[in-house]
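Structure at a glance
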Amino acid sequence: MTPLLIAQIGLTLFVFVMLLSSAAVMVYVERKVAAMLQQRLGPYLVGPKGLLQPLADVIKLMFKEELRPLAADPLLFALAPILSATAAFAAFAVVPFGADTTLFGLLREPLRLQVADVNVAILVIFAIASMGVYGIVLAGWSSNSKYSLIGGLRSSAQMISYELSYGLALAGVLVIANSLSLSDIVNRQSGTWLGFLPRWFLFVQPLGFFIYMTAGIAETNRAPFDFPEAEQELVAGYHTEYSSMSFAMFFLAEYINMVTMSAVATDLFLGGWHGPFLPESLGWIWFLLKVAAILFFYVWMRWTLPRYRYDQLMRFGWKILLPLAVVNLLVTAAGVLYFGA
Amino acid sequence: MTSFYLFGAVAVGASLLVIAQRNPVYSVLLLIASFGALSGLYVLLDAPFVAVIQIIVYAGAIMVLFLFVVMLLNAPHEDTEQDLERMASRRPAAAGGVRIFGGALAAGLLVELWWALTKNGGESGVFPGGAVSSVRTIGRSLFTDYAFAFEVTSVLILVAMVGAVVLARREVVTGLGRGRPPGPRTLK
């Protein structure tokens, strides 16, 4: 085994563990920020400032009884959370999160901070996201409960509807970057315009960024688009009948999807690991900061906006967001033709 | 080569299992597994773009719709045997026809499979497209050499979509003497 291969395996494990712990951190942040927004204290008993609360939650979930409704389809009921969690983890594999590094001179050849460098990375993320829908649909159907079924159907209808705008928003960036590889796209965004404005695609694709973020919230089933689990009408939506670790897997998948969504937004629109003051080798700090900012924005949105009505969601998706995305793509393509890439 | 046989075995095995299932939901899922294995074969052919498109379009978009239909029709079991017996007691000629037709179809498929395996098994020619893997090449040939076919296909899909909307659309009849009397519940 070459040192590079060992480093690659280490990197894969590292990303896996980081994703797992990012979900735990997000749970804590979500609860703390929610508490601040509502003038409460939030978790504060377990550990200093309640920092160990996610750990306590996980232990509690592990020791809960695994329940399965008698009329459920046993195989699919067990498969659905696994599908959801696998899709969530797999999508992050093609996301680059830092410049090439030699690990402080330990390696002779530079290591790319990306688990799998695929030249169609964006499409891979898209494909895996469409696989994640199955987890939710099957969970809804196999539970054999009306709340689950309605939640699953709503969620898949919502995800399919917003996937179109999501894809078209991505296409605008692809046209400008002239590449499908995420690391290429990030590297196109290095440097500045006029000496101070970073060359982020956010500034050439503001509408694309808006569409991406909106569709991203809908894709991850977050408030104000959290219809699949609208608790006032559907108990908990597609995971109503799940308990213990299989419930935890859905929970995990949701938070990891959020992290992936933010990481991709950072790579596509916010210049990835490029930023001022820090050397290239410490670019991952910029990457983390940007991802954290977007995640905070997600949480902020959730506790600020009430849920839409379902017909409003569909009307917004098909009649406003999708035409906007098409216009954005057309204008971008025309601009690239006229001015050159 | 090992991965070729692995993906090939999964694709063939899953496809066979699709028709061996009683529950149509399982059939749909096995078909998705088969598509996944096919996409693996595309990766081995150095065509990652086609592989990913295979997943997005077939496994992602089309099969979700299939799954929807199957789930909502709520047809958990296909009792073809019992259906056939019921049919045989009522209309023996029709049932016999169904059996003969099914048998002929299966025999035809078997012959075709045998022909494909023996005739083309020996040649392992070079993949004709050369560099079709790159997105640029695919896009260029789609919009130049195959522009007509591409546009006609999109018209075909549009026709199917319009047809589906026409079939699914229900006229809301409001007016005296036809169906339910007009009131807040008939308004959409």
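This write-up is about the structure you can find in this document.

1. As for the overall build of chain A
- A tally of regular secondary structure across chain A gives 11 helices and 4 strands.
- C-alpha extents for chain A along the principal axes are approximately 60 × 50 × 45 Å.
- In chain A, once contacts between residues fewer than 6 apart in sequence are set aside, the share between residues at least 24 apart is 75%.
- Element-wise, carbon and sulfur atoms account for 71% of the exposed surface of chain A, whose accessible area totals about 16200 Å².
- On chain A, the mean spot of the 20 positive side-chain charges and the mean spot of the 20 negative ones are 7 Å from each other.

2. Describing the overall build of chain B
- Across its full length, chain B holds 7 helices and 0 strands.
- Listing each helix as α and each strand as β along chain B from the N terminus yields α-α-α-α-α-α-α.
- Sorting the 188 residues of chain B into buried and exposed places 20% on the buried side.
- At a minimum sequence separation of 6, the contacts of chain B that also span at least 24 residues come to 49%.
- In the structure as shown, chain B presents an accessible area of about 14100 Å², 69% of it carried by carbon and sulfur atoms.

3. Overview of the interface of chain B and chain A
- Each side of the interface is counted separately: chain B has 20 residues, and chain A has 22 residues.
- Where chain B abuts chain A, roughly 1800 Å² becomes buried across the two surfaces, and 83% of that area is made up of carbon and sulfur atoms.
- Linking chain B to chain A there are 0 salt bridges.
- Where chain B meets chain A, there are 2 residue pairs in polar contact (both at pLDDT 80 or more).

4. Remarks on helix H3 (residues 74-91) of chain A
- Between its first and last C-alpha, H3(A) extends 27 Å over 18 residues, near the 26 Å set by a 1.5 Å rise per residue.
- Those residues of H3(A) lying buried are Leu76(A), Phe77(A), Ala80(A), Pro81(A), Ser84(A), Ala85(A), Ala87(A), Ala88(A), Phe89(A) and Ala91(A).
- Considering only its buried residues, H3(A) is in contact with helix H1 (3-37), helix H4 (121-142) and helix H9 (244-269) of chain A together with helix H2 (24-44) of chain B.

5. Remarks on the environment of Leu79(A)
Residues and elements named next belong to chain A.
- Residue placement: Leu79 occurs in helix H3.
- Taking the relative accessible area as the measure of exposure, Leu79 reaches 35% and is therefore partly exposed.
- Between the C-alpha atoms of Leu79 and Ala139, which are 60 residues apart in sequence, the distance is 8.3 Å.

6. Observations concerning unusual backbone geometry
Residues and elements named next belong to chain A.
- One non-glycine residue, Gln39, lies in positive phi territory at about 55 degrees.
- The exposure class assigned to Gln39 is exposed, which follows from its relative accessible area of 77%.
- Although it is not a glycine, Lys49 adopts a positive phi angle of roughly 60 degrees.
- You can see Lys49 is positioned in the loop between H1 and helix H2 (53-62).
- Of the residues examined, Lys49 reaches a relative accessible area of 66% and is grouped as exposed.

7. Regarding the environment of Val50(B)
Residue and element names in this part refer to chain B.
- Along the chain, Val50 falls in helix H3 (residues 48-73).
- The partly exposed category is assigned to Val50, whose relative accessible area is 31%.
- Once the C-alpha coordinates of Val50 and Phe35 are considered, the two residues, 15 residues apart in sequence, prove to be 12 Å apart.
- Setting aside chain neighbours within four positions, we find Val50 in contact with Tyr42 and Ile138.

8. A short note on the packing of aromatic side chains
All names here are of chain B.
- Taken as a whole and assessed by the stated rule, the structure comprises 16 aromatic pairs over all chains.
- Considering the side-chain rings of Phe35 and Tyr58, the 5.6 Å spacing of their centres and the 50 degrees angle between planes classify their relative orientation as tilted. Residue Phe35 is found in helix H2, and its partner Tyr58 is found in helix H3; the two are separated by 23 residues along the sequence.
- A relative accessible area of 16% places Phe35 in the buried class.

9. Section: a nonpolar patch on the surface
- On the surface, Leu51(A), Leu52(A), Leu55(A), Val58(A), Ile59(A), Met62(A), Phe63(A) and Met245(A) cluster together into a nonpolar patch covering about 780 Å² of accessible area.
- Mapped onto the elements, Leu51(A) comes out in the loop between H1 and H2.

10. Some thoughts on the nonpolar core
- Of all hydrophobic cores here, the largest spans 106 residues; its most connected members are Phe92(A), Ile185(A), Tyr212(A), Leu268(A), Val25(B) and Leu67(B).
- Of all the elements, H4(A) adds the most residues to this core, at 15 residues.

11. Things to note about helix H5 (residues 146-177) of chain A
Residue and element names in this part refer to chain A.
- Relative to the 46 Å expected for 32 residues at 1.5 Å per residue, H5 spans 46 Å between its end C-alpha atoms, a close match to the ideal helical length.
- At Glu163, H5 shows its largest bend, some 30 degrees.
- Positive phi appears at Asn178, one or two residues downstream of H5, with a value of about 60 degrees.

12. What about the pattern of salt bridges?
All names here are of chain A.
- A complete count under the given rule lists 3 salt bridges over all chains for this structure.
- For Arg302, the salt bridge is made with Glu30, and the minimal N-O distance between the two is 3.3 Å. One end of the pair, Arg302, is in helix H10 (residues 283-304); the other, Glu30, is in helix H1, with 272 residues separating them in the sequence.
- Overall, the relative accessible area of 3% leaves Glu30 in the buried class.

13. Some details on the packing of H1(A) against H9(A)
Residues and elements named next belong to chain A.
- Relative orientation of the contacting elements H1 and H9 amounts to 95 degrees, with a least axis distance of 9 Å. For the element pair H1 / H9, the angle class is roughly perpendicular. Together, Leu19, Leu20, Ser22, Ala23, Met26, Val27 and Glu30 of H1 and Phe251, Leu252, Tyr255, Ile256, Met258 and Val259 of H9 make up the contact between the two elements.
- Looking at the contact of H1 with H9, its residues break down into 11 nonpolar, 1 polar and 1 charged.

14. Structural notes on the side chain of Ser246(A)
- Tracing the backbone shows Ser246(A) in helix H9.
- A polar atom in the side chain of Ser246(A) sits 2.2 Å from the side chain of Glu66(A).

Parameters at a glance
Every residue gets a number counted from 1 within its own chain, in the order that chain's sequence is written. Here the convention is simple: chains get letters from A, ligands get numbers from 1, in the order in which they are written. Thresholds applied to this predicted model are a pLDDT of at least 70 for local features of residues and 80 or more for the giving and counting of side-chain atom pairs; totals over whole chains, interfaces and linings are not thresholded and use all residues. To get the side-chain values, all heavy atoms of the structure are used, and hydrogens and water are removed first. Strands here are runs of E lasting at least two residues and helices are runs of H or I lasting at least four, both read from the DSSP assignment and numbered beginning at the N terminus. Throughout, a residue-residue contact means that at least one pair of heavy atoms, one from each residue, lies within 4.5 Å. For the accessible areas, the method is Shrake-Rupley and the probe is 1.4 Å, while residue cover comes only from the protein chains on display. Under the convention used here, Asp and Glu are negative, Lys and Arg are positive, and both His and the chain ends fall outside the count. Lysine's charge is taken at NZ, arginine's at CZ, aspartate's at CG and glutamate's at CD. Three exposure classes are used, based on accessible area relative to the maximum for each residue type with a 1.4 Å probe and protein chains only: buried under 20%, partly exposed in between, and exposed over 50%. A simple way to read buried area is as the amount of 1.4 Å-probe accessible surface that goes missing from two parts once joined, with both sides added. Should a side-chain nitrogen of Lys or Arg be within 4 Å of a carboxyl oxygen of Asp or Glu, the pair is scored as a salt bridge. We define a polar contact as two N or O atoms separated by no more than 3.5 Å, with the added condition that, inside protein, one atom must be a possible hydrogen donor and the other a possible acceptor, whereas residues neighbouring each other in sequence contribute only through side-chain atom pairs. Helices are assigned an expected span. That span is 1.5 Å times one less than the residue count. Any two of the Phe, Tyr and Trp rings considered here, Trp counted by its six-membered ring, make a pair once their centres fall within 6.5 Å; the pair's planes then place it as stacked at under 30 degrees, edge-to-face at over 60, or tilted in between. Nonpolar side chains (Val, Leu, Ile, Met, Phe, Trp, Tyr) are joined into patches within 5 Å and like charges within 9 Å, using only residues with over 30% relative accessible area and no salt bridge. In this description, a nonpolar core means a group of buried Ala, Val, Leu, Ile, Met, Phe, Trp, Tyr and Cys residues linked to one another through side-chain atoms lying within 4.5 Å. The bend reported for a residue corresponds to the angle between axes fitted to the seven residues ending at that residue and the seven starting there. Helix axes use the C-alpha atoms of the stretch in contact, all axes being lines fitted to C-alpha atoms, and the angles between their N-to-C directions lie in the range 0 to 180 degrees. These descriptions rest on fixed angle ranges, namely under 35 degrees for roughly parallel, over 145 for roughly antiparallel, 65 to 115 for roughly perpendicular, and the rest for oblique. Under the scheme applied, nonpolar residues are Ala, Val, Leu, Ile, Met, Phe, Trp, Tyr, Cys and Pro; charged residues are Asp, Glu, Lys and Arg; polar residues are all the others, including Gly.

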